[in-house]
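# Coordinate inspection notes
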Amino acid sequence: MSQLRLDSFDVFATIVRCGGFRAAALERGVSSSALSQTINALEQSLGIRLLNRTTRSVSPTEAGQRLLDRLAPALGDIRLAITEVDELRDSPSGTLRINAPAPAVDHLLCPLLFDFMQTYPAVKVEVVSDAAVIDIVEHGFDAGVRFGKQLAQDMIAVPLGLPLRYAIVASPDYIERHGRPVTPQDLIQHDCIRRRFPGGTLVSWKFGNGNDEMNISPEGRLTLSTAHNELQAALAGRGVAHVLEDYAKPHISAGRLIEVLPDWSPTLPSWFLYYPSRRLPGAAMRTFLDCVKTYNWRANADAIYLAGAPHLKT
C-alpha cells in the first residue's frame, strides 16, 4: 500500500456529503477532475473501490460506507482541533457551560470564573447549580463538578480546590438554650436542621475521630434543600446545622455561629472538575482547564471564603 494522504480522506468524505464531484469541487474551490484524480489515487492505494459513480449520482460502496463511518468522527475532531488552534492564536472565545452543586459554585467556581472572565473577555460562561447526577454530554455541558465517587469511568477529572471539611454549627443563643453537644450521640437530643437531596434522600452526618467513625441520621423539625437555607436557619437559632466549613467560616470568625464537635469533623477529598474523554474540549474549556490546574487554591483560600459565603444577618 502506497503512502496515504490525510486530505484524500477529507476529499472522499466531502464528495459523499455533497452527493457528487461537481458540488464538492465548488465547496472546496478546485476542479472536478482534481477531485477525481484524488479519489482514483486513494482507491488505488487501498486496493478497493470506494464510490459507485454514474452519470447522475455518486454513492459510497459498502467498503466506502464502512470507511466513512470510521472516518467521520476522526475528521470532525481534526477540524475542531484546527479551529481551536486558530482561536488560540489571538484569544480564546466561545461559550463555557458548567454544571455543579451550589457549594462548589459558591466557593470555587464563581471566584475562579470571575478572574478568568476578566482575563479572557471573549469567553461567555454559563453555570448551572444542580446537585443531581446528570449526563453532562447529553445536557450540553462542557464540564461538571462532583465528588470522585460520582464520576463516570469515561470522564477526565481534575482536582478543584482544597480538601473539604464539614462543620457542625449553631448560634450562641441556641447553645445557651439547649446546651453544647460533646459527642455525636448527643445530637440525637438536639433539634437538627436536616437536608434532603433532589432525589429524595435525607443526608446523614458522618463523623470521625481517629479510628472511631459513625453516621448519625439527624432528627429535627426543619428539613431544607440548600446549604444557604441551612445556614440561615442556624443563624436564626432554629437548630444545629451540618454545612461545609466554607459556608460557616466567616460566621464562626464573627461570633455569629459556634462550631461544636470540631475534633469529630474529618477531612474529605476535594471536588473534581470533569469532562468527557471522548470529545476534544473547545478553546475556552482548554484555557479554563489550564487556569484550574495552575490556580493557587491555598494562597487564595481567604479570598474564596469571603467571595463565596453570604454574610447573613441574624
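Predicted model only: the values in this text are computed from it and were never measured.

Our focus in this paragraph is the sheet that holds strand β3 (residues 94-100). Strand pairing in a sheet is mediated by backbone hydrogen bonds. Such pairs are either parallel or antiparallel. Here we have 5 strands laid out as an open sheet, ordered β4-β3-β5-β15-β6, and mixed in their pairing. Edge positions in the sheet fall to β4 (123-129) and β6 (155-160), since each has one partner strand and no second. Averaged over all adjacent pairs, the angle separating strand axes in this sheet is 25°, with direction ignored. Of the strand pairs in this sheet, β3 and β4 are connected by 7 bridges, and their pairing is parallel. Each bridged residue has a counterpart across the sheet, and for I98 the counterpart in β4 is V127. Lying over the sheet, helix α5 (residues 102-119) contacts β3, β4, β5 (143-146), β6 and β15 (271-276), oriented at roughly 175° with respect to β4. Sheet contacts for helix α9 (residues 283-294): β3, β4, β5, β6 and β15; angle to β15, the most-contacted strand, approximately 155°.

In total, this model carries 4 aromatic pairs according to the counting rule given. Residues F116 and F288 carry aromatic rings whose centres are separated by 5.3 Å and whose planes lie at 75° to one another, so their mutual orientation is edge-to-face. With F116 in helix α5 and F288 in helix α9, this residue pair connects regions lying 172 residues apart in the sequence. Grouping residues by exposure puts F116 and F288 together as buried. Among the aromatic residues, those joined into a ring-pair cluster are F116, Y120 and F288. Residue placement shows R97 over the ring face of F141; its charged tip is 4.2 Å from the ring centre.

The subject of this paragraph is the layout of surface pockets. Here the largest pocket is characterised by a volume of approximately 1000 Å³. Contributing to the lining of the largest pocket are 39 residues, with F147, Y166, R195, F197 and V203 lying nearest its centre. When contributions to the lining of the largest pocket are tallied by element, the ones reaching two or more residues are α5, β7 (164-170), β9 (205-209), α7 (227-235) and β12 (241-244). Tallied by class, residues from the lining of the largest pocket come to 22 nonpolar, 10 polar and 7 charged.

A few words on the nonpolar core. Formed by 42 residues in total, the largest nonpolar core has its most connected members in L96, L109, V145, L160, W271, L273 and F288. The dominant element in this core, judged by the number of residues it contributes, is α5, at 7 residues. Residues within four places of L273 in sequence aside, it is in contact with I98, A143, G144, V145, I156, A157, V158, L160, M285, F288, L289 and V292. By size, the runner-up hydrophobic cluster in this structure holds 17 residues, among which are V11, I39, L68 and L75.

Remark: helix α1 (residues 6-18) packs on helix α3 (residues 32-46), axes separated minimally by 10 Å, with the N-to-C direction vectors making an angle of 115°. Like other packed secondary-structure pairs, α1 and α3 cross with a definite hand, here left-handed. Judged by residue contacts, S8, F9, V11, F12 and I15 of α1 engage L35, T38, I39 and L42 from α3. Counted by class, the contact of α1 with α3 contains 7 nonpolar, 2 polar and no charged residues.

Turning our eyes to something else, we now look at the side chain of E230. Structurally, E230 is set in helix α7. Among the polar contacts listed, one links the side chain of E230 to the side chain of R195, at a separation of 2.4 Å. If near-sequence neighbours (up to four positions away) are discounted, E230 is found in contact with I193, R195, L224, A241, H242 and V243.

Rules and cut-offs
- Residues numbered from 1 in each chain as written.
- Predicted model: local features only at pLDDT ≥ 70, side-chain atom pairs only at ≥ 80, totals over all residues.
- Heavy atoms only, no water.
- Pairing = 2+ DSSP bridges.
- Helix = DSSP H or I, 4+ residues; strand = E, 2+ residues; numbered from the N terminus.
- Axes fitted to C-alpha atoms, helices over the stretch in contact; angles between N-to-C directions.
- Contact = heavy atoms within 4.5 Å.
- Phe/Tyr/Trp six-rings, centres within 6.5 Å; stacked < 30°, edge-to-face > 60°.
- Buried < 20%, exposed > 50% of the residue type's maximum accessible area, 1.4 Å probe, protein only.
- Lys NZ or Arg CZ within 6 Å of the ring centre and 35° of its normal.
- 1 Å grid on protein atoms, 1.4 Å probe; cavity = no way out; pocket = protein on both sides within 12 Å on 5 of 7 lines; lining within 4 Å.
- Points joined across faces, edges and corners; volume = space filled by probe spheres on them.
- Nonpolar A, V, L, I, M, F, W, Y, C, P; charged D, E, K, R; others polar.
- Core = buried A, V, L, I, M, F, W, Y, C linked by side-chain atoms within 4.5 Å.
- Left-handed = near helix turned anticlockwise from the far one by under 90°.
- Polar contact = N/O pair within 3.5 Å; in protein donor to acceptor, adjacent residues only side chain to side chain.

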